[in-house]
Structures are given as structure tokens and as C-alpha cells.
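Tertiary structure, described
Letter by letter, the chains look like this.
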Amino acid sequence: MLPCQRHLFDIPDDVAYLNCAYMSPLMKPALEAGTAGLARKAHPWHITPDQFFTGEEEFRTIAAQLLDGSADGIAIVPSASYGIATAARNVPVKKGQSILVLAEQFPSNYYPWQRRAEENSASLKIVPWPEDDDWTAAVLDSLTTDVAVAALPHVQWTSGGRLDLVRIGEACRKLGAALVLDLTQSLGALPFSVRDVQPDFAVAASYKWLLGPYSIGLLYVAPKWQGGIPLEENWIQRANARDFASLILYTENYDVGARRFDMGERSNFALLPAAMRAMKQLLEWEVAQISETAGALNRQLANAAADIGFSAPAEPLRAPHYLALRRKEAIPKELPEMLAREKVFVSVRGSSIRVTPHVYNTAEDGERLIACLRRIAAA
Ligand SMILES: Cc1ncc(COP(=O)(O)O)c(C=O)c1O
């Protein structure tokens, strides 16, 4: 367990921010790194061509450590949807095959597959909501020979349900189905290894559990797809990009590894330093410890909430950092606003109250949430 790290964040004492799955607060050192990066644009004469290629290589190296992979397999993307669209452009889907997604899957990992299915006379196959909270068993049941691609998360975003991606990865390989992952609600808070899971593509937006800024993310591309077709063609993905004077000597060759999938203007001098500083901090804390720390608070909250009529899937079927509370009666849609008036911040997603703490939260933050829920339950 980590001691509370609130001192690294600018969170007033009277704010109980339990909403990392919505957007994490940027820690002070990451904000400083981003601000210093943005300020460099005030003096562009100090920005040299080689600096377009330094920060982004460091970003790949740090991101690779979080994924337990190699830097060559990382592309820099602006969003989860960009990464999923890249995967959808590359993995084969034939007429009559299906693409597997979960019930209530996040739209950025749904719409690209809906389009791909339409374009290829294939269909979407939706894993039904498991009554016993076991998403892994539900996915394994749905992985039949017609499945060309399983497009999945590590954590189902409205229930907190955790998928056993090692078992699912094995099942996909046996079938010859591609595995494409959206790790936005898990990477940085739940241990993950591309070596163990062996996905074809895996993306994570930075602004939630990677504690980074908005509009930047990472895309892992397995070696077998690193010769694929990028979503866009830009100068910086190409093999001759470092030689600014010769850019008009157009080349068919891309830079090595997953770099061909980088977004245009990937050398973002403000966002990359902030994202890297945050990821370095995650590595220092260690993801397993972050998971344990957020998980301990969620366990206390799940117990206290059970006394006032709320339930949640039990661990290990639920990811430790992600608590989705339900009750028999409907959750009022305006609940987040009611809580926000008390400076307690959570989300409502689907029919759940989503409680997602991090290492900046205190036991008192949790007690304030429970006090509010008790009042609402009694009303
Ligand atoms: C599971 C999941 N994936 C992705 C995203 C963000 O998607 P994008 O980066 O395409 O905006 C979210 C945001 O809530 C999410 O919950």
C-alpha cells in the first residue's frame, strides 16, 4: 500500500475527488513539465529539428515499461478512438464473420467496429451482460469460430468488471481471432503485460489512469502488424524525417517499428513532457501498489455502501480500482450534481454510481461519500 500522495496534487482539503475514471487531476510536477514545454514555443529559435525526435522516443520507452513491451512497438496517438480506428483499418474481417464487443462497451471501441462490420458484410456480436458478473466466462462463451476480432477492454467501464485477458488472449490465438484492447480504464491502475496477453493492438488514452493530459495516448502494435497501413500519412512517420532539407525527396519507407502509426504533430512539446512525467511517477509508485491502494479504499466503500442498500461485483471479478455501485431503486440522474454541491465527485454511468479513487484520496474522502449516499438513501 502507498501512503497518501495528495501533496503531489493541487486538490483542496474540502474536495473529495473520487472520479479518476472521468478524468484524473494532473499532478503538480506533470503540470510544471507541460507548462515548461508549452513555454518553449515562445522562443522557437531554441527548438532545433533534432528535438522533434527526442521527447517522443523517451515517451515510447516509458510507455513500453508500463505495458511490459518494447519501445519499438509504441505509437503516439491523440485518443483511444484513433488507436482503435488504426486497428480496425488493419485486422482482416471477412464477409459473414463477426467482431466481438461487450454489452455497454465504450463508444470509441464500438463505432469503428460497427462501421468495419457494415463495410465487410460482417456483424457485431455483443457479449451479453453476465448475471454472475463474470465477464471473462461470458467472453469465452462468445468466442466461437465466426469471430474475426475480439475488441475488448481490461475493465468494463460501467460495471468495473475485470476481464482475464491472459485466458482470453489464449482463446483468441487458438481461434485465429485478432485481439484489440482499449486499456483506457485500466492501464496505470491494473497490472498488464503485452508479453502475457499478446494482443494485436492495445490503446490507452492518457488522461485517466495514466494521470496525463487530455489529447495524448499510446498505442501498442504487435510486431506482426508493424508493417500495416497507418490511419494518416504524414512526414514524420517516414524514414527520411530527420533530414528536414530532404523532406521533398518523397520516400515509400516508414520509420521503424510502430512509429508509422504515429499521429501528425506527434512531437507535442507541451503534452508529451506532462504525460511522461506522470507515467514516470506511476512506474515509481508501481502499478501493483496503485491497484492495492485504490482497491483498499474501494473495499471499505463497498462494505459501507452495502449497509445502505448498494451492491457491486465482488473482487476478483471486479477490478480493485473501479467500484460501480448499484441498488434496486434507480439512481437519480442528477446525483453527481447533488454530490458536487457537497464537493464530492463521482460519475453515474449506465445504472451505476462509479467511484474511482487514486493515491491522492484519503479515508475521509470515502467517509464523505458514504455520508452523502446515506442521506440520499434515507430520502
Ligand atoms: C473505456 C474508455 N475508452 C476510451 C475513452 C476515451 O476515448 P477517446 O480517447 O476516444 O475520447 C473513455 C472515456 O471515458 C473510456 O471510458
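Below is a short write-up of the structure. Predicted model only: the values in this text are computed from it and were never measured. (Residues numbered from 1 in each chain as written. Predicted model: local features only at pLDDT ≥ 70, side-chain atom pairs only at ≥ 80, totals over all residues. Heavy atoms only, no water.)

Bringing the sheet that holds strand 11 (residues 347-349) into the picture now. Within the open sheet, the 3 strands sit side by side as 9-12-11. Their pairing is antiparallel. The sheet is open, and its two borders are formed by strand 9 (323-325) and strand 11, each paired with just one other strand. For this sheet, the mean angle separating the axes of adjacent strands, direction not counted, is 35°. As defined by bridge partners, strand 11 adjoins strand 12 (residues 352-355) across 3 bridges and the pair is classed as antiparallel. (Pairing = 2+ DSSP bridges. Helix = DSSP H or I, 4+ residues; strand = E, 2+ residues; numbered from the N terminus. Axes fitted to C-alpha atoms, helices over the stretch in contact; angles between N-to-C directions.)

All right, on to the site of the ligand then. In the vicinity of the ligand, the contacting residues are Ser79, Ala80, Ser81, Phe106, Ser108, Trp157, Asp182, Thr184, Gln185, Ala205, Tyr207 and Lys208. Ser108 has a polar side-chain atom sitting 2.7 Å from an oxygen atom of the ligand. For the ligand, whose accessible area on its own is 400 Å², the fraction buried by protein is 88%. With respect to the pocket detection grid, the ligand is positioned in the largest pocket. (Near = heavy atom within 4 Å. Polar contact = N/O pair within 3.5 Å; in protein donor to acceptor, adjacent residues only side chain to side chain. Areas by Shrake-Rupley, 256 points an atom, 1.4 Å probe, with all protein chains shown as cover. 1 Å grid on protein atoms, 1.4 Å probe; cavity = no way out; pocket = protein on both sides within 12 Å on 5 of 7 lines; lining within 4 Å. Sits in = over half its atoms within 2 Å of the grid points.)

A few words on the pattern of salt bridges. For the structure shown, the criterion picks out 20 salt bridges. Arg6 is the partner of Asp365 in a salt bridge, and the nearest nitrogen-oxygen pair spans 2.9 Å. Taken together, the residues span a long stretch of sequence, with Asp365 in helix 11 (residues 363-378) and Arg6 in the segment before strand 1 (16-17) at a distance of 359 residues. Judged by its relative accessible area of 2%, Asp365 falls in the buried class. Put simply, Arg259 and Glu57 hold a salt bridge, and the shortest N to O gap is 2.9 Å. One end of the pair, Arg259, is in the loop between strand 8 (217-221) and helix 8 (271-285); the other, Glu57, is in helix 2 (residues 55-67), and 202 residues separate them in sequence. Connected via shared salt-bridge partners are Glu56, Glu57, Arg60, Asp72, Arg259, Asp262 and Arg266. (Salt bridge = Lys/Arg side-chain N within 4 Å of Asp/Glu carboxyl O. Buried < 20%, exposed > 50% of the residue type's maximum accessible area, 1.4 Å probe, protein only.)

Our focus in this paragraph is the layout of surface pockets. Here the largest pocket is characterised by a volume of approximately 360 Å³. If you trace the largest pocket, you find 27 residues lining it, with Ala80, Phe106, Thr184, Tyr207 and Lys208 closest to the centre. Across the lining of the largest pocket, the residue classes tally to 13 nonpolar, 9 polar and 5 charged. Size it by volume and the second largest pocket reaches roughly 310 Å³. In this structure, the second largest pocket is lined by 20 residues; those nearest its centre are Gly176, Ala177, Ala178, Asp200 and Lys224. Counting only elements with at least two residues in the lining of the second largest pocket, the list comes to strand 5 (147-153), helix 6 (165-175) and strand 6 (178-182). It is helix 6 that provides the largest number of residues to the lining of the second largest pocket, a total of 4 residues. Of the residues that constitute the lining of the second largest pocket, the class distribution is 11 nonpolar, 5 polar and 4 charged. (Points joined across faces, edges and corners; volume = space filled by probe spheres on them. Nonpolar A, V, L, I, M, F, W, Y, C, P; charged D, E, K, R; others polar.)

Once that is clear, we can look at the sheet that holds strand 2 (residues 74-77). Remark on secondary structure: sheet strands pair via backbone hydrogen bonds, oriented parallel or antiparallel. The 7 strands are arranged 2-8-7-6-5-3-4 in an open sheet whose pairing can be described as mixed. At either margin of the open sheet sits one strand with a lone partner, and together these are strand 2 and strand 4 (123-127). Strand-to-strand twist in this sheet, taken as the mean axis angle between neighbours without regard to direction, amounts to 20°. Sheet topology note: the strand 7 (residues 201-205)/strand 8 ladder contains 5 bridges and is antiparallel. Among the inter-strand pairings, Ala205 is bridged to a residue of strand 8, identified as Gly217. Against the sheet, helix 6 makes contact with strand 5 and strand 6, and its axis sits at roughly 150° relative to strand 6, the strand it touches most. (Contact = heavy atoms within 4.5 Å.)

Within helix 3 (residues 80-90), 8 of the 11 residues are buried, which leaves the element mostly enclosed by the surrounding structure. Taken together, the buried positions of helix 3 are Ala80, Tyr82, Gly83, Ile84, Thr86, Ala87, Ala88 and Asn90. Where helix 3 is buried, its residues meet strand 2, helix 4 (111-119), strand 6, strand 7 and strand 8.

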